[in-house]
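Working through the structure, step by step
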Amino acid sequence: MANIKLELVNLRKEFGDLVAVDDVSIAIEESETMALLGPSGCGKSTILNMIVGLEAPTSGDILIDGKSVLNVPPGDRNIGLVFQDYAVFTHMTVRSNLAYGLKVRKMKQPEIDREIAKVSEFLSITHQLDRKPDELGASELQRVAIGRTLVTNPEILLLDEPLSNLEAAMRNQMRRELRRIQADTGQTIIYVTHDQIEALSLAHRIAVMDFGALQQYDTAHNVYQYPANRFVGSFLGNPPMNFLKGKLAEDGGRRVVTSGDSTIPLPAGNLGSDVSAGADVVVGVRPESLSLAAADDPGRFSVPVLAVEPQGPETVVTASFGDSSLKVIVPTGDPAVERDSIDLVPVSDLVALFDAESGVRLLDSGDRR
Amino acid sequence: MVTNTSTGGASTLGLGKPRRFDPNDKKYIPGLLITPVQILLCVMLIFPFILEFVISMTEWQPIYGDFWLAFTSVFTQKINQGINYNYLVTDEPRYLQALGRTVIMSVISLCLEFVIGLGLASLFLKKFWGKRIWFTALLTPMMIMPVVVGYTWFMLFQYNGPINQIFGWIAFSPVNLQWLNDGTLAFIAVIVTEVWHWTPLFFLIMLSGLNAVPENPIRAATVLGASNVKIFWTIILPNMRAVIIIAFVIRGMEVVKLFDEIYLLTRGGPGTATETISLYLYKLAFEDFRLAYAGSAAFIVLVITVVLINMMLKPIRYQLVEGR
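Residues numbered from 1 in each chain as written. Chains lettered and ligands numbered in written order. Predicted model: local features only at pLDDT ≥ 70, side-chain atom pairs only at ≥ 80, totals over all residues.

Quick look at the overall build of chain B now. Across its full length, chain B carries 15 helices and 0 strands. What you see for chain B is a C-alpha radius of gyration of 26 Å, clearly larger than the 20 Å of a compact globule of 324 residues, by over 25%. Across its three principal axes, chain B shows a C-alpha extent of roughly 90 × 65 × 35 Å. In chain B, which comprises 324 residues, the share counted as buried stands at 25%. Counted over contacts in chain B with a minimum sequence separation of 6, partners at least 24 positions apart contribute 68%. (Helix = DSSP H or I, 4+ residues; strand = E, 2+ residues; numbered from the N terminus. Rg over C-alpha atoms; globule rule 2.2 N^0.38 Å. Buried ≥ 20, exposed ≤ 12 C-beta atoms within 10 Å, placed from the backbone. Contact = placed C-beta atoms within 7 Å.)

Here it is, written out as structure tokens:
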């Protein structure tokens, strides 16, 4: 395993009775990109503030390069933070904004000029150096904010919702830009975001948070394909994951989940020891993880069709599975969808099984990366 | 903005068609609504202003019997081509001294009010015990009538009054400072009264200004490693620039007009040690009845005030007018 750059150890933050961050432990490797993903109010901004040092944790520890930084003031932690609203100093020119962190570090003027020239070229804001921030657009302001942080050469770069203030077209461009920055500088980067696309496209690893607690911390692939619980499954993916309520059963040596007339086969794997046949469970399967089955496919199952919505190259088919509804994406024009029921087969082992009550993943299967 | 310099506006106004007054046209409503105020302004402000300017150019005196006679006599006076102005600026040191004294007193008291007000406002950003009571208490002075403030401090500054008493306790020996009878001490007493009375306004404006400074730039500077002092000078103060300038403008206009308190404390004395421009004008006009001179003196003050206020507003004029 590579160098651990930043480690959060049982980090906890309480505001009065409210537990904002509930014993979160995360380790981030050097030069890795991590996304803290969760709905608003899940505690991700609080974690960010604690890492930077703007807030002190109630308990737990924050280690950078193995050393606790709890007693180090924010300015000395060598962490860069880019705010969601960029927090550019509006009364200064772009140049003074970029120079601010260097002046604080008492760098000499010629050196400051050199560093600013370097970073402004890197972010292509050279021609805007003598402008005031109120003459710049949102994406340029963001470059200034990133530049102001990068110029101080931080060991860890934190970005709070970096794309949320940009319009759609700008977002794609900035996403490419951020990936380029990461590739060129080899920075350890932490993104805080509520946008799953942003997290999936930018981060090596994703920490999914809800109600202050860490739900899953894994690679982007694993978080998407093998959610640790029902929340993670539902939070990522569009259209969302299908959740099919049913009872666990055994059918000819194969584990299946049945509800009403429908039965879905489960992939092989280790089932939790306290789960037995007849238990109430929820199957989680993504719309794109199901495909139309050939007539002789052994893993196929049949469900009644409720609605068919062609959407250009793909068609979304809504079917029912017992009391639950099921969405599948199939190629447009397939004659199979014209019938009252369709035969489906799950792609490889991407079928998750959750406990109906707690939502915890029950079946340990699959090819994790 | 409509530009009618190049075309003379002829084509845009459509002179070909006859234009009639349409009482239902909504574009007349704003004009109609502000007309009463405009008339009031003309009667109460602009006409007296012009009259005052005319008087200041003459040697008019209000000794012509009944009102209409006195009024009409203004316009039969010989215009003396600014002799009053000339006299005031060259041969009346008392006037120039009063002007200078007003400037010194304004600058000292405004700076003190600003520093103390900002300091108190900074304290109020943190939580402390009894904050709400302190807040009310701190605002009280500016709600008291100037006459009451003047008379209260007049009593406090008596040579056998409470202030000498308190100084006596501190010095462990009787203190008998002649606060209101010594030139320098009287000047200090006036400034103390003024600062006590009006620091609350600065405190209030500075507090709202501090609260309006966006939080994230401060946090960003903290993360970049700036100290609290550095953040105060480089982030907080520049962000409060407009608020600070407006506070100075409002108080600057007020402090030039300062009258009641000085009149009650010292009547401009001892000698002319605390005679500010408004006291001088009062004495000139209503004790000596040299109204033409007083008119010229006041007009010079007005011009100076307008120029100064506009200079103070210059850095934020663009921001205020363009709304950015």
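There is more to say, and it comes next.
Our next topic: unusual backbone geometry. Omega for the peptide link from Asn238 of chain A to Pro239 of chain A comes to 0°, which places this bond in the cis form. Secondary-structure assignment places Pro239 of chain A in the loop between helix H8 (230–235) and strand E11 (242–251).

Quick look at the interface of chain A and chain B now. The partner chain B presents 15 residues to the 18 residues of chain A that form the contact. Among the elements of the structure, strand E6 (79–82) and helix H2 (94–104) of chain A are those that each provide at least two residues to the side of chain A that touches chain B. Looking at the side of chain A that touches chain B residue by residue, the class counts come to 10 nonpolar, 4 polar and 4 charged. (Nonpolar A, V, L, I, M, F, W, Y, C, P; charged D, E, K, R; others polar.)

Now for the domain arrangement of chain B. Residues and elements named next belong to chain B. Domains assigned within chain B are domain 1 (22–76) and domain 2 (92–322). Placing the centre of domain 1 and that of domain 2 at their C-alpha centroids yields a distance of 33 Å. Tallying the contact residues gives 9 residues for domain 1 and 7 residues for domain 2. Looking at the side of domain 1 that touches domain 2 residue by residue, the class counts come to 4 nonpolar, 3 polar and 2 charged. (Domains from an automatic or database assignment.)

Grouped together as the largest cluster of nonpolar side chains are 75 residues, with contacts concentrated most on Leu158 and Tyr191 of chain A. Excluding residues that lie within four positions of it along the chain, Leu158 of chain A makes contacts with Leu48, Ile51, Val52, Ile79, Gly80, Leu81, Val82 and Ile190 of chain A. (Core = buried A, V, L, I, M, F, W, Y, C linked by C-beta atoms within 7 Å.)

Another aspect to go through is the confidence of the model for chain B. All names here are of chain B. Model confidence for chain B is summarised by a mean pLDDT of 84, while 93% of its residues fall at 70 or above. Below a pLDDT of 50 lies the segment residues 1–12, which in the model reaches 3 contacts outside its immediate sequence neighbourhood of four places, other chains included. Our summary of model confidence lists the complex with pTM equal to 0.76 and ipTM equal to 0.80. (pLDDT = per-residue confidence, 0-100.)

Glancing now at the domain arrangement of chain A. All names here are of chain A. Each domain of chain A was delimited in the assignment, giving domain 1 (4–234) and domain 2 (240–364). Summarising the inter-unit geometry, the C-alpha centres of domain 1 and domain 2 are found 39 Å apart. Taken together, the contact between domain 1 and domain 2 spans 9 residues of the former and 11 residues of the latter. Residue contributions to the side of domain 1 that touches domain 2 peak at 4 residues, all from H8.

Let us look at the packing of helix H9 (residues 183–212) of chain B against helix H12 (residues 241–256) of chain B. Axis angle and axis distance: for two packed helices, these are the angle between their axes and the distance between the axes, and together they describe the pair. Residue and element names in this part refer to chain B. Packing of H9 against H12 leaves a shortest axis separation of 10 Å and a crossing angle of 160°. The angle between H9 and H12 places the two elements in the roughly antiparallel class. Like other packed secondary-structure pairs, H9 and H12 cross with a definite hand, here right-handed. Two secondary-structure elements touch here, H9 through Trp198, Leu201, Phe202, Ile205 and Gly209 and H12 through Val243, Ile244, Ala247 and Arg251. Of the residues contributing to the contact of H9 with H12, the split by class is 7 nonpolar, 1 polar and 1 charged. (Axes fitted to C-alpha atoms, helices over the stretch in contact; angles between N-to-C directions. Parallel < 35°, antiparallel > 145°, perpendicular 65-115°, else oblique. Left-handed = near helix turned anticlockwise from the far one by under 90°.)

Let us now look at the sheet that holds strand E3 (residues 33–37) of chain A. Residue and element names in this part refer to chain A. Spatial ordering of the open sheet is given by E6-E7-E8-E3-E9-E10, a layout of 6 strands whose pairing is mixed. Each edge of the sheet is formed by a strand with only one pairing partner; in this case those strands are E6 and strand E10 (213–219). Across the sheet, the mean angle from the axis of one strand to that of its neighbour is 15°, orientation sign disregarded. Here E3 runs beside strand E8 (residues 188–193); their pairing, made up of 5 bridges, is parallel. Within the sheet, the bridge partner assigned to Met34 lies in E8 and is Ile190. (Pairing = 2+ DSSP bridges.)

As a further point, take the environment of Ile104 of chain B. Residues and elements named next belong to chain B. The residue Ile104 is located in helix H5 (residues 93–123) in this model. A count of 13 C-beta atoms within 10 Å places Ile104 in the partly exposed class. C-alpha of Ile104 to C-alpha of Thr276: the two residues are 172 residues apart in sequence and 9.8 Å apart in space.

Here we come to H2 of chain A. The periodicity of an α-helix, 3.6 residues per turn, causes residues three or four places apart in sequence to face the same way. For H2 of chain A, the complete set of buried residues consists of Val94, Asn97, Leu98, Ala99, Tyr100, Gly101 and Leu102 of chain A. Summarising the contacts, the buried residues of H2 of chain A are in contact with helix H3 (109–122) and helix H4 (138–150) of chain A together with helix H10 (215–223) of chain B.

All names here are of chain B. For helix H2 (residues 29–56), spanning 28 residues, the distance from its first C-alpha to its last is 39 Å, which sits close to the expected 40 Å at 1.5 Å a residue. Maximum bend of H2: about 40°, positioned at Cys42. The buried fraction of H2 amounts to 2 of the 28 residues, a small share that puts the element mostly on the outside. (Expected span 1.5 Å × (residues − 1). Bend = angle between axes of the 7 residues up to and from the residue.)

What follows covers the packing of helix H14 (residues 277–287) of chain B against helix H15 (residues 291–322) of chain B. All names here are of chain B. Where H14 meets H15, the closest approach of the two axes is 8 Å, and the angle between their N-to-C directions is 160°. Viewed along their axes, H14 and H15 adopt a mutual orientation that is roughly antiparallel. Helix-helix and strand crossings are classified by hand; for H14 and H15 the assignment is left-handed. Contacts between H14 and H15 involve Ile277, Leu281, Leu284 and Ala285 from the first element and Leu291, Tyr293, Ala294, Ala297, Ala298 and Val301 from the second.

In this section: the environment of Glu29 of chain A. All names here are of chain A. Position of Glu29 among the secondary structure elements: in strand E2 (residues 18–29). Given 17 C-beta atoms within a 10 Å radius, Glu29 is considered partly exposed. The spatial distance from the C-alpha of Glu29 to the C-alpha of Thr188 is 7.6 Å, given a sequence separation of 159 residues.

Looking now at the sheet that holds E2 of chain A. Spatial ordering of the open sheet is given by E2-E1-E4-E5 (chain A), a layout of 4 strands whose pairing is antiparallel. Each end of this open sheet is capped by a strand with a single partner; those strands are E2 and strand E5 (67–68) of chain A.

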